[in-house]
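Now for the letters of each chain:
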Amino acid sequence: MATFAGGSEDPSADVLTEAAAVFGLLASAARLHIMWALSQGESDVTHLADRVGGALPAVSQHLAKLKLAGLVRSRREGRRQVYYVDDPDIVTVVRVMVGQLTARTAPAAARGNVSRRP
């Protein structure tokens, strides 16, 4: 591992591979929206689908992927499956990224300079 001026070492290849996999899962706008919603509090799939504007089967599939990756957990409450983020570090990453981007776009929107993609 190489050490840089700040004294920190490069992460191992295994750590970088795992981080890339997590970022890959979060690269989907739908999954990122689900993670954002779950960072605000736990929810069942029906309420998540309503909140993120997705079809119930699609949201269920996204939740299954996030759960398989260990980013989301669930528990049964009667007939409902309730999902939540059990990793405060993932919540922090999602909140920081979305918060930073929101802060960057707010001044541009106020000036009327929001770039729109086709």
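For the structure itself, consult the block above.
All values derive from a computational prediction rather than experimental measurement.

### Quick notes on the pattern of salt bridges
Between side chains of opposite charge, pairing is possible as soon as their charged atoms come close.
Logical step 1: Taken as a whole and assessed by the stated rule, the structure comprises 5 salt bridges.
Logical step 2: One salt bridge in this structure joins R75 and E42, with 2.5 Å as the shortest N-O distance. On the criterion of sequence distance, the pair formed by R75 in strand 2 (residues 73–77) and E42 in the loop between helix 2 (29–40) and strand 1 (43–44) is long-range, its members being 33 residues apart.
Logical step 3: Salt-bridge contacts for R80 lead to E77; the nearest nitrogen and oxygen are separated by 2.9 Å.
Logical step 4: In this structure R80 comes out as partly exposed when scored by relative accessible area, which is 36%.
Logical step 5: According to the relative accessible area criterion, E77 is partly exposed, its value standing at 33%.

### Points about the nonpolar core
Most often, soluble globular proteins keep nonpolar side chains buried together rather than apart.
Logical step 1: Within the largest apolar cluster, 21 residues are counted, with the highest numbers of intra-cluster contacts made by I34, M35, L38, V59, L63 and L71.
Logical step 2: Counting residues per element, the ones that place at least two in this core are helix 1 (13–26), helix 2, helix 3 (45–52), helix 4 (56–68) and helix 5 (88–111).
Logical step 3: Residues in contact with V59, not counting those within four places in the same chain, are I34, V45, L48, A49, V52 and G54.

The rules we used
Residues numbered from 1 in each chain as written. Predicted model: local features only at pLDDT ≥ 70, side-chain atom pairs only at ≥ 80, totals over all residues. Heavy atoms only, no water. Salt bridge = Lys/Arg side-chain N within 4 Å of Asp/Glu carboxyl O. Helix = DSSP H or I, 4+ residues; strand = E, 2+ residues; numbered from the N terminus. Buried < 20%, exposed > 50% of the residue type's maximum accessible area, 1.4 Å probe, protein only. Core = buried A, V, L, I, M, F, W, Y, C linked by side-chain atoms within 4.5 Å. Contact = heavy atoms within 4.5 Å.

Coordinates in, geometry out; function isn't part of it.
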